[in-house]
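Here is how the chains run, residue by residue.
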Amino acid sequence: MKLVAVDLDGTLLNRDGLVTEANASALKKFDEQGGVIALATGRSIHSAKEVFAHLGIQGYTLASNGAYVARFEDGEIADVLKNYTIDSDTVKTVLTLAMKAEVTVVASRATQDDRMSFAQDKNEKNSPYYAQFNLKESKVEDLWKEIEENEIRYFKLAFTDKDTRKLVKLRAQLEKHEINSSYSDTYWLEVMADGVNKGAALNFLAAHLDIEAKDILAIGDQENDLEMLKMSGTSVAMANAAPAVKKIVHKMTRSNDQSGVAFALKDYLD
């Protein structure tokens, strides 16, 4: 196996948002053996940077669900290979729908993540998933002109609410406007630029590195992992994965709290 693509939340990270010692050890060994590691995550580039720095390995990231593809060396971005931002008209449509749905939006750009709360009850921000963001509390009316004039470009728009029925309704409205979305977690629905997903980004990276699909191992747990799992030669679902993910993979592994990534990699390590 030449390349392993690993999701973060619910996969490499445990329920506390940490990389277990076993997972870190397995990835370091794969790196030492000459394997390529790609962190394929819905998280921002900043969060991927922190994980690479913690692991102390080289590799690539497919951040913001594939909207930002970069190479890392010594915990720093060495080269940005691709990045895709959402066009301003789509951003305006999505924010208008989110406002009507009364959910919270976290809009990710290169420098920060703008948090706009349209929710009746503000959601908790102390979960491991929230820890990834470089949050700035913002008001949509303050950003609207800059969005219209393309002075602000977003890689990803994420919606959250403790009432998941709101997210279901929002998704239906997005579909009516032909805007694709995917879940990265039970409480997180996300929108990227048209055609952007982890699978497309992984396909781009594989072509860039001249690696065939049969030599790619992908590990994930949520709906936003489906495309990369489908295009990989070997696909693995976590024990805690969503049912839709478990249906389409080649193999199963242990849960994210049981170092499932290390367990999945053991057959590929010397």
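Residues numbered from 1 in each chain as written. Predicted model: local features only at pLDDT ≥ 70, side-chain atom pairs only at ≥ 80, totals over all residues. Heavy atoms only, no water.

Describing the pattern of salt bridges
Evaluated as defined, the whole model comprises 17 salt bridges. The closest approach of N and O atoms between Lys 198 and Asp 7, which form a salt bridge, is 2.9 Å. Placement of Lys 198 in helix 6 (residues 198-209) and of Asp 7 in the loop between strand 1 (3-6) and helix 1 (21-32) is noted, with a sequence separation of 191 residues between them. The exposure classification of Lys 198 matches that of Asp 7, with both residues buried. Residue Glu 76 pairs with Lys 49 through a salt bridge whose shortest N-O separation is 3.1 Å. On the criterion of sequence distance, the pair formed by Glu 76 in strand 5 (residues 76-83) and Lys 49 in helix 2 (residues 45-55) is long-range, its members being 27 residues apart. Take Lys 49: its relative accessible area is 32%, and that puts it in the partly exposed class. The structure contains a network of salt bridges with shared partners spanning Lys 2, Lys 214 and Asp 215. (Salt bridge = Lys/Arg side-chain N within 4 Å of Asp/Glu carboxyl O. Helix = DSSP H or I, 4+ residues; strand = E, 2+ residues; numbered from the N terminus. Buried < 20%, exposed > 50% of the residue type's maximum accessible area, 1.4 Å probe, protein only.)

Here we look at the packing of helix 3 (residues 88-101) against helix 4 (residues 140-148)
At a minimum axis distance of 9 Å, the contact between helix 3 and helix 4 shows a crossing angle of 160 degrees. Taken together, the axes of helix 3 and helix 4 lie roughly antiparallel to each other. In the packing of helix 3 onto helix 4, the handedness of the crossing is left-handed. Across from Ser 88, Val 91, Lys 92, Leu 95, Thr 96 and Met 99 in helix 3, the residues of helix 4 making contact are Val 140, Trp 144, Ile 147 and Glu 148. In terms of residue class, the contact of helix 3 with helix 4 is made up of 6 nonpolar, 2 polar and 2 charged. (Axes fitted to C-alpha atoms, helices over the stretch in contact; angles between N-to-C directions. Parallel < 35°, antiparallel > 145°, perpendicular 65-115°, else oblique. Left-handed = near helix turned anticlockwise from the far one by under 90°. Contact = heavy atoms within 4.5 Å. Nonpolar A, V, L, I, M, F, W, Y, C, P; charged D, E, K, R; others polar.)

A few points about the sheet that holds strand 14 (residues 251-252)
Pairing within the open sheet is mixed, and its 8 strands lie in the order 5-4-3-2-1-12-13-14. With one partner strand each, in any of the chains shown, strand 5 and strand 14 form the two edges of the open sheet. The pairing of strand 12 (residues 216-220) with strand 13 (residues 234-237) spans 4 bridges and is classified as parallel. Bridge pairing links Ala 218 to Ser 235 in strand 13. The strands touched by helix 6 are strand 1, strand 2 (36-40), strand 3 (59-63), strand 4 (68-73), strand 5 and strand 12; relative to strand 3, the strand with the most contacts, the crossing angle is about 150 degrees. (Pairing = 2+ DSSP bridges.)

Observations regarding the domain arrangement of the protein
Domain boundaries in the protein define domain 1 (3-84 + 196-268) and domain 2 (88-192). The gap between the C-alpha centroids of domain 1 and domain 2 is 24 Å. Facing the 19 residues of domain 1 at the interface are 17 residues of domain 2. Between domain 1 and domain 2, the buried area comes to about 1500 Å², and carbon and sulfur atoms account for 51% of it. Broken down residue by residue, the surface that domain 1 buries against domain 2 is led by Arg 43, His 46 and Glu 223, which jointly contribute 29%. Linking domain 1 to domain 2 there are 1 salt bridge. A salt bridge links Glu 223 to Arg 171; the shortest N-O distance between them is 2.6 Å. Summed over the shared surface of domain 1 and domain 2, the number is 6 residue pairs in polar contact (both at pLDDT 80 or more). (Domains from an automatic or database assignment. Buried area = accessible area lost by both parts, 1.4 Å probe. Polar contact = N/O pair within 3.5 Å; in protein donor to acceptor, adjacent residues only side chain to side chain.)

Some remarks on the layout of surface pockets
Of the pockets and cavities examined, the second largest pocket occupies roughly 410 Å³. Forming the walls of the second largest pocket are 25 residues, and the residues nearest its centre are Asn 180, Ser 181, Met 192, Ala 193 and Val 196. Listing elements by their share of the lining of the second largest pocket, those giving two or more residues are helix 3 and helix 7 (226-231). A per-element tally of the lining of the second largest pocket places helix 3 first, with 3 residues. Here the lining of the second largest pocket is built from residues that sort into 6 nonpolar, 10 polar and 9 charged. Shared between two domains, the lining of the second largest pocket holds at least three residues of each, these being domain 1 (3-84 + 196-268) and domain 2 (88-192). (1 Å grid on protein atoms, 1.4 Å probe; cavity = no way out; pocket = protein on both sides within 12 Å on 5 of 7 lines; lining within 4 Å. Points joined across faces, edges and corners; volume = space filled by probe spheres on them.)

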